[in-house]
Amino acid sequence: MSNTAKRPVIFSGIQPSGDLTLGHIAGALRNWVALQHDYDCYFCVVDLHAITVRQQPAKLRRWTLDCAAMYLAAGIEPTSATIFVQSHVPAHAELAWVLSTFTGFGEASRMTQFKEKSEQHAQNVNVGLFAYPILMAADILLYQTDLVPVGEDQKQHLELTRDLAQRFNNAYSPTFTVPEPYIPRYGARLMSLQDPRKKMSKSDPNHNATIFLVDDNDAIRRKIQRAVTDSGTTIEYDPERRPGISNLVEMYHLATDEPIEAIVERFRDASYAAFKAAVADALVAYIEPVRTRFLEIRADEGHLASLLVAGAERAARVAERTLRKVYRKVGFWSPKD
Ligand code: AQP
């Protein structure tokens, strides 16, 4: 583990609000793994974010450990990255409060994820859900992050983070690094298998819509076979006009690394059934080793726990440094100053 100031910093996180999906590999984990040796990485299990939607406590506890185990199963090495749980580092909530006083109400109201989630959870449109992007800004800014690998849906939140960093820096003096998004060319928005106009989501009530990383091989094959496509007959990559089949092409690319153009060329005249069978085979080969590693890691809870405790200690040291600086600049008195 090297914490030298010179390496640029990455921060990213996933909510432990369900079993992780192929979408998380595509939009997040795969890129984290690719970047982990060139950056000082902080990969967080963002449980504070998860409670913006009502969670069952026992499930939240289980999913928190599952989520961390999946980071490791996907290939994150705890010797090169800091893996930790958000609620173990109080500075996240503390900085979020300060940043909330720099965020306009109108500005926060424009966040599309808030609008979507308030429709999905109309019975519980809480202030935390509204403030979610401010907490996300705190997560990122605490670590002086240079790069944030995220899926397409988080682009707007990252813009807000950048605005808040610049606003605070201008109001006082340079305090925060202004982060850049890292959005992959393909897989930045893997779509639902049942409605290819909607994002694949871990909390979709229709389980056939989502490939979970803990799905067994039969479930993966069944879900791909039942995936909604369209009335075309050729295999093409055109997410606007042919979202269903294009989504399957992206999944094949994700699992095999074969370039999109080559996949389309090779399968252009294949039947939908034949292409779906090829996608299912590729996904089974890709996901099975991840699932096996996940189950091994999950079987040793003591080891996982000690890793998360050490990760939180490391993260807290860095986060505290930024928070102290912020507190001093806004004028909070401290006997240590
Ligand atoms: N379908 C997806 N395609 C590409 N990237 C995705 N991500 C999530 N789904 C996809 C990326 O994963 C990171 C964190 O996800 P999250 O679980 O914290 O939040 P989310 O985006 O709200 O994911 P879900 O599955 O839709 O969660 P629920 O159902 O709990 O709301 C982000 O980088 C995201 O882009």
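Caption draft 1: Quick look at the overall build of the protein chain. Within the protein chain one finds 13 helices and 5 strands. Computed over its C-alpha atoms, the radius of gyration of the protein chain comes to 21 Å, within 12% of the 20 Å expected for a compact globule of 337 residues. Out of the 337 residues belonging to the protein chain, those deemed buried represent 55%. Accessible area of the protein chain: about 15,300 Å², with a carbon and sulfur share of 54%. Between the averaged position of the 39 positive side-chain charges in the protein chain and that of its 40 negative side-chain charges there is a distance of 4 Å.

Caption draft 2: Structural detail: the pairing of strand β2 (residues 40-45). Buried residues dominate β2, accounting for 6 of its 6 residues. Alternating positions in β2 separate into two faces, D40, Y42 and C44 on one and C41, F43 and V45 on the other, with burial throughout. Alignment of strand β1 (residues 9-14) against β2, held across 6 bridges, turns out to be parallel. Counterpart to I10 in the pairing with β2 is C41. This β-α-β element, β1 to helix α1 (residues 22-35) to β2, shows right-handed connectivity. One ladder, built from 5 bridges, connects β2 with strand β3 (residues 81-85); its direction is parallel. Residue pairing across strands places C44 opposite F84, the latter belonging to β3.

Caption draft 3: Looking closely at the site of the ligand. Surrounding the ligand, one finds 21 residues, the nearest of these being K117, K199, S201, K202 and S203. Between a nitrogen atom of the ligand and a main-chain N or O atom of M200, the distance comes to 2.9 Å. Burial of the ligand by the protein amounts to 96% of the accessible area it has alone, namely 640 Å². Looking at the shell around the ligand, the elements that each hand over two or more residues are β1 and α1. Here the shell around the ligand gets 3 residues from one element, more than from any other, and that element is α1. Of the residues belonging to the shell around the ligand, the class tally is 5 nonpolar, 11 polar and 5 charged.

Caption draft 4: Structural context of empty space enclosed by the protein. Under the criterion given, the structure shown has 3 cavities of 30 Å³ or more. The calculated volume of the largest cavity comes to roughly 70 Å³. Around the largest cavity sit G18, D19, L20, W63, D66, C67, M70, V214 and F294, which together line it. It is helix α3 (residues 57-73) that contributes the most residues to the lining of the largest cavity, 4 residues altogether.

Caption draft 5: Structural context of the packing of helix α4 (residues 91-100) against helix α7 (residues 127-142). For the pair α4 and α7, the least separation of the axes is 8 Å and the interaxial angle reads 115°. Of the two possible hands of crossing, α4 and α7 adopt the one that is right-handed. For the pair formed by α4 and α7, the contact residues are A91, H92, A93, L95, A96, L99 and S100 on the first element and I134, L135, A137, A138, D139, L141 and L142 on the second.

Caption draft 6: Local environment of the nonpolar core. Counting 64 residues, the largest nonpolar core has L22, Y71, I224, L248, M251, F275 and L283 as the members making the most contacts within it. Here this core gets 11 residues from one element, more than from any other, and that element is helix α12 (residues 272-299). Those residues in contact with I224 that lie beyond four places of it in its chain are L193, I211, L248, M251, K276, V279, A280 and L283. Of all hydrophobic cores here, the second largest spans 43 residues; its members include V9, F11, C44 and L95.

Caption draft 7: Looking closely at the pattern of salt bridges. Here the structure, examined in full by the defined rule, presents 17 salt bridges. Taking the shortest distance from any N to any O, the salt bridge between R62 and D66 comes out at 3.4 Å. One end of the pair is R62 and the other is D66, both in helix α3 and 4 residues apart, which spans about a single turn. Exposure remark for R62: the relative accessible area of 40% places this residue in the partly exposed category. Put simply, K199 and D153 hold a salt bridge, and the shortest N to O gap is 3.0 Å. Residue K199 is located in the loop between β5 (180-182) and α9 (217-225), and its partner D153 is located in the loop between β4 (147-149) and α8 (155-171); the two are separated by 46 residues in the primary sequence. Judged by its relative accessible area of 25%, D153 is partly exposed. The structure contains a network of salt bridges with shared partners spanning D230, E236, D238, R241 and R242.

Conventions and cut-offs
- Residues numbered from 1 in each chain as written.
- Predicted model: local features only at pLDDT ≥ 70, side-chain atom pairs only at ≥ 80, totals over all residues.
- Heavy atoms only, no water.
- Helix = DSSP H or I, 4+ residues; strand = E, 2+ residues; numbered from the N terminus.
- Rg over C-alpha atoms; globule rule 2.2 N^0.38 Å.
- Buried < 20%, exposed > 50% of the residue type's maximum accessible area, 1.4 Å probe, protein only.
- Areas by Shrake-Rupley, 256 points an atom, 1.4 Å probe, with all protein chains shown as cover.
- Lys, Arg positive; Asp, Glu negative; His and termini not counted.
- Charge placed at Lys NZ, Arg CZ, Asp CG, Glu CD.
- Pairing = 2+ DSSP bridges.
- Right-handed = clockwise from strand over helix to strand, strands pointing away.
- Near = heavy atom within 4 Å.
- Polar contact = N/O pair within 3.5 Å; in protein donor to acceptor, adjacent residues only side chain to side chain.
- Nonpolar A, V, L, I, M, F, W, Y, C, P; charged D, E, K, R; others polar.
- 1 Å grid on protein atoms, 1.4 Å probe; cavity = no way out; pocket = protein on both sides within 12 Å on 5 of 7 lines; lining within 4 Å.
- Points joined across faces, edges and corners; volume = space filled by probe spheres on them.
- Axes fitted to C-alpha atoms, helices over the stretch in contact; angles between N-to-C directions.
- Left-handed = near helix turned anticlockwise from the far one by under 90°.
- Contact = heavy atoms within 4.5 Å.
- Core = buried A, V, L, I, M, F, W, Y, C linked by side-chain atoms within 4.5 Å.
- Salt bridge = Lys/Arg side-chain N within 4 Å of Asp/Glu carboxyl O.

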